[in-house]
Amino acid sequence: MYVLKTQRDLKLNVAQIAAVASTHETRFFFENSQQTTQYFGWQPLTSTTGSFDRVQAWFTQLTIEGDTEMAAILGGFPFEQEPSDETGALSNGFFFLPAVMVQRQADGRFCISVIQETAATAEQMLKETLHQLDTADVLLPAQYHMSTETAVAADAWAAGVQETVAEIKRDRTLKKVVLARQLRVTADRRFAPERVWLNARQQNPEAYHVLLKVNGTAFISNTPERLIKFDHDQFQTAAVAGTAPRGTTKEQDDQLATQLQRDDKNQREHRYVVDTIAATLRTQQAVVEYDTTPQILKNKNVQHLYTPITGTLASNWSPFTLLAALHPTPALGGVPRNQALRVIGQVEHEPRGLFGAPIGYLTFHQTGEFVVGIRSAVLRQASATLFAGAGIVSESVAETELAETQLKFKPMLQTLFGEDEK
Ligand SMILES: C=C(O[C@@H]1C=C(C(=O)O)C=C[C@H]1O)C(=O)O
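Since the structure is predicted, the reported quantities are computational estimates derived from the model, not experimental observations. Along each chain, residues carry numbers from 1 onward, in the same order as the chain's sequence is written. Totals for whole chains, interfaces and linings use every residue, but because this is a predicted model, local features are given only for residues with pLDDT of at least 70 and side-chain atom pairs only at 80 or more, for both listing and counting. Excluding hydrogens and water, the side-chain figures rest on all heavy atoms present in the structure.

Enquirer: What should I look at first to understand the packing of aromatic side chains in this one?
Expert: Here a pair means two rings of Phe, Tyr or Trp (six-membered ring of Trp) with centres within 6.5 Å. Their orientation is stacked below 30 degrees between planes, edge-to-face above 60, and tilted elsewhere. Going through the model one piece at a time under the given rule, you end up with 19 aromatic pairs. Relative to Phe40, the ring of Phe29 has its centre 5.2 Å away and its plane inclined at 65°; by these criteria the two rings are edge-to-face. Note that Phe29 is positioned in strand 2 (residues 27-31) and Phe40 in strand 3 (residues 38-48), a separation of eleven residues in sequence. You can call Phe29 buried: its relative accessible area is 0%. Taking 6.4 Å as the distance between ring centres and 50° as the angle between the ring planes, the aromatic pair formed by Phe95 and Phe370 counts as tilted. Pair noted here: Phe95 is in strand 6 (residues 94-104) and Phe370 is in strand 19 (residues 367-372), with a separation of 275 residues, a long-range link. Here's how the labels work: a residue is buried when its accessible area is under 20% of the maximum for its type, exposed when over 50%, partly exposed in between, all with a 1.4 Å probe on protein chains only. Overall, Phe95 belongs to the buried group, its relative accessible area being 1%. Here the aromatic residues Phe52, Phe59, Phe77, Phe95, Phe320, Phe364 and Phe370 are joined through ring pairs into a cluster of three or more. Numbered from the N terminus, helices here are DSSP runs of H or I no shorter than four residues, and strands are runs of E no shorter than two.

Enquirer: I would appreciate a short explanation of the environment of Leu341 in the present structure.
Expert: Looking at where Leu341 falls in the secondary structure, it is placed in helix 9 (residues 337-347). Taking the C-alpha atoms as reference points, Leu341 and Glu80, 261 residues apart in sequence, are found 9.1 Å from one another. Not counting the four nearest positions on each side in its chain, Leu341 is found in contact with Phe79 and Pro328. Here, two residues are considered to be in contact whenever any of their heavy atoms come within 4.5 Å of each other.

Enquirer: Looking at this structure, how should I read helix 3 (residues 119-135)?
Expert: Residues lying three or four places apart along an α-helix face the same way, a consequence of the helix completing one turn every 3.6 residues. Over its 17 residues, helix 3 runs 25 Å from end to end, which matches the ideal 24 Å to within 8%, given 1.5 Å per residue. For helix 3, the set of buried residues is Ala122, Met125, Leu126, Thr129 and Leu133. Buried residues of helix 3 fall within an arc of 110° about the axis and therefore sit on the same side. Set apart from the buried face of helix 3 by more than 90 degrees, the exposed residues are Ala120, Lys127, His131 and Asp134. Looking at the buried positions of helix 3, the neighbouring elements they touch are strand 1 (2-10), helix 1 (14-21), strand 3, strand 6 and strand 7 (110-116). In a helix, the anticipated span is given by 1.5 Å times the number of residues less one. Picture the helix axis, draw a direction to every C-beta atom, and the arc is the one those directions span.

Enquirer: I keep staring at the site of the ligand and nothing clicks. Help me out?
Expert: The cutoff for a nearby residue is simple: one of its non-hydrogen atoms must lie within 4 Å of the molecule or strand. Every one of the 17 residues lining the ligand counts as a neighbour, but Glu225, Val240, Gly242, Thr243 and Arg375 are closest to it. At 2.5 Å, a side-chain N or O of Thr243 approaches an oxygen atom of the ligand. Calculation of accessible area relied on Shrake-Rupley with a 1.4 Å probe; when residues are assessed, cover is drawn exclusively from the protein chains displayed. Across the complex, the protein chains shield 100% of the 390 Å² of accessible surface that the ligand would expose by itself. The set of elements that each furnish at least two residues to the shell around the ligand consists of strand 13 (234-245), strand 21 (383-392) and helix 10 (398-417). Ranked by residues supplied to the shell around the ligand, first place goes to strand 13 with four residues. In protein, a polar contact requires one atom able to donate a hydrogen and another able to accept it; more generally it is a pair of N or O atoms within 3.5 Å, and residues adjacent in sequence count only if both atoms are side-chain atoms.

Enquirer: Honestly, the nonpolar core in this entry has me stumped. Any pointers?
Expert: Nonpolar side chains in soluble globular proteins generally cluster together in the buried interior. By nonpolar core we mean a set of buried residues, namely Ala, Val, Leu, Ile, Met, Phe, Trp, Tyr and Cys, connected to one another through side-chain atoms within 4.5 Å. One finds Phe40, Val185, Phe191, Leu379, Leu386, Leu416 and Phe417 to be the most contacted residues of the largest nonpolar core, which totals 46 residues. The element that contributes the greatest number of residues to this core is helix 1, accounting for six residues. If we skip the residues at most four places from it in the chain, Leu379 touches Phe191, Pro193, Val196, Gly216, Thr217, Ala218, Ile220, Ala384 and Leu416. By size, the runner-up hydrophobic cluster in this structure holds 45 residues, among which are Phe59, Phe79, Ala180 and Leu332.

Enquirer: Explain the side chain of His24 to me, please; I cannot follow it from the model alone.
Expert: On the secondary structure map, His24 appears in the loop between helix 1 and strand 2. The class for His24 is buried, based on a relative accessible area of 16%. Setting aside residues up to four positions removed in sequence, His24 forms contacts with Trp42, Gln43 and Gln132.

Enquirer: Sorry, what's going on with the packing of helix 5 (residues 193-203) against helix 10 here?
Expert: When two helices pack together, you describe them by how their axes are tilted relative to each other and by the distance separating the axes. Here an angle of 0 to 180 degrees is reported between the N-to-C directions of two axes, which are lines fitted to C-alpha atoms, with helices fitted over the stretch in contact. At a minimum axis distance of 8 Å, the contact between helix 5 and helix 10 shows a crossing angle of 120°. Between helix 5 and helix 10, the angle falls in the class oblique. As helix 5 packs across helix 10, the resulting crossing turns out to be right-handed. In this structure, helix 5 contributes Val196, Asn199, Ala200 and Gln203 to the contact, and helix 10 contributes Gln414, Thr415 and Leu416. Its residues placed into classes, the contact of helix 5 with helix 10 shows three nonpolar, four polar and no charged. Note on terminology: angles under 35 degrees are roughly parallel, angles over 145 are roughly antiparallel, angles of 65 to 115 are roughly perpendicular, and the others are oblique. Helix crossings get a hand from a simple test, with the near helix turned counterclockwise from the far one by less than a right angle marking a left-handed crossing and a clockwise turn marking a right-handed one. Three classes are used, and their members are as follows: Ala, Val, Leu, Ile, Met, Phe, Trp, Tyr, Cys and Pro are nonpolar, Asp, Glu, Lys and Arg are charged, and the others, Gly among them, are polar.

Enquirer: Where do I start with the packing of helix 1 against helix 3 in this structure?
Expert: Interaxial distance between helix 1 and helix 3 falls to 9 Å at its minimum, and their mutual angle equals 120°. Classified by the angle their axes make, helix 1 and helix 3 are oblique. The handedness of the crossing between helix 1 and helix 3 is right-handed. Note on element contacts: helix 3 touches helix 1 through Gln132, Leu133 and Asp134, opposite Gln16, Ile17 and Val20. For the contact of helix 1 with helix 3, the residue count by class is three nonpolar, two polar and one charged.

Enquirer: Would you mind showing me how to read the UniProt feature "domain: Chorismate-utilising enzyme C-terminal" (unreviewed entry) in the chain here?
Expert: UniProt positions are given in the numbering used here, feature names are shortened, and annotations may be inferred rather than shown by experiment. Mapped onto this numbering, the UniProt entry annotates "domain: Chorismate-utilising enzyme C-terminal" (unreviewed entry) at residues 155-408. End C-alpha atoms of residues 155-408 are separated by 18 Å, and the span's content is 35% helix alongside 35% strand.

Enquirer: Help me understand unusual backbone geometry, please; the structure alone is not making it clear to me.
Expert: The phi torsion of most residues other than glycine is negative, and most of the peptide bonds are trans. In this chain, His327 is followed by Pro328 through a cis amide linkage whose omega measures -15°. With respect to the helices, strands and loops of the structure, Pro328 is situated in the loop between helix 8 (319-326) and strand 17 (334-335). Cis geometry marks the peptide bond from Val335 to Pro336, where omega comes out at -15°. Along the chain, Pro336 falls in the loop between strand 17 and helix 9. Even without being a glycine, Gln35 presents a positive backbone phi close to 60°. Here Gln35 shows up in the loop between strand 2 and strand 3. A positive phi angle, near 55°, is found at His232, a position not held by glycine. As for its placement among the helices and strands, His232 is situated in the loop between strand 12 (226-231) and strand 13. With relative accessibility at 43%, the residue His232 sits in the partly exposed group.

Right, here's the structure in full:
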């Protein structure tokens, strides 16, 4: 049993909050592109790793007294639901109940919530946190220089694309498999995760900015993709799939968008995602609404076909059941899901860990938001491992898919190294 104390209506800025957070070993930052949702948390009181079932069992036994509206668990699930031996790279995910959490209120001010075992220690810690925020040095973004860059088994990956195409053609039930590859880079000095997070907001303002740092490892993502946001029985999700580069002029950019809208392969990849998300939500007895014509979602380096999906959940919905049903969508897994996951397991040699998996916050009052951890990297000291995937369908060509993954590395490369690099 824990006790929660809050202080509302504070005027704070993000660089101040990031500076205080950076003095703690374990921390989590989450914001949407409009910066209307912001969660920062540090100092785990209790934590867990693992599958949807495990996190649910852990979450269900947490009890908090006080203004529990302001409490949440923070973290990410692993892409794979089976446990992995590779614990160093956050491969089993990580969730924690933060002792200190700062969140943005609807009016732009902030609320701090502190959770402790007694009211007195919570009160004391709240005071100390306010003092730390008052006196914090402002943290600035930092640019690094790339020392080395290694595409992990790029040739084997291209061969894997060809094998997958052959498998899709052979087995008529298999329609799409998303294959990911890795890029390893090193920098001239150790990455400071919060400063990389500040870079992400500058470099890719139109995406989410997420950071999860545990022990010596940080996961950072500039994802454009929401998996699901729920507010009691209302939900918002989206299909983001189908990719084209951005143009260098307005005309070229619009032309690339029009081509993407008209391209059969991309439209088909997109439709698999929309149809599967809608069907999954309907199996959960949700009422689902969306337009049948996709929009274009523009990010700095890429544009995507995009269909927002909204609706109402059944009265007995549970966040964990919903997440387990949705993850992975065919934008990261494939169609049919289990067959696609089997092919992914054969072609990719390492677990994806937090890549492509749900990461976000869940309150104790049936609200929360989880995004898909793409355009991401795992940082350790001066090294970063980036992941990017592409949807393989029957007409896929290895070279084009390789180029698409190269494009999807760009947001994170620019976050780490600035505009000039790559
Ligand atoms: C797999 C990634 O992106 C996903 C796949 C996309 C596609 O196949 O077109 C587009 C957006 C994402 O849903 C990635 O960025 O690594």
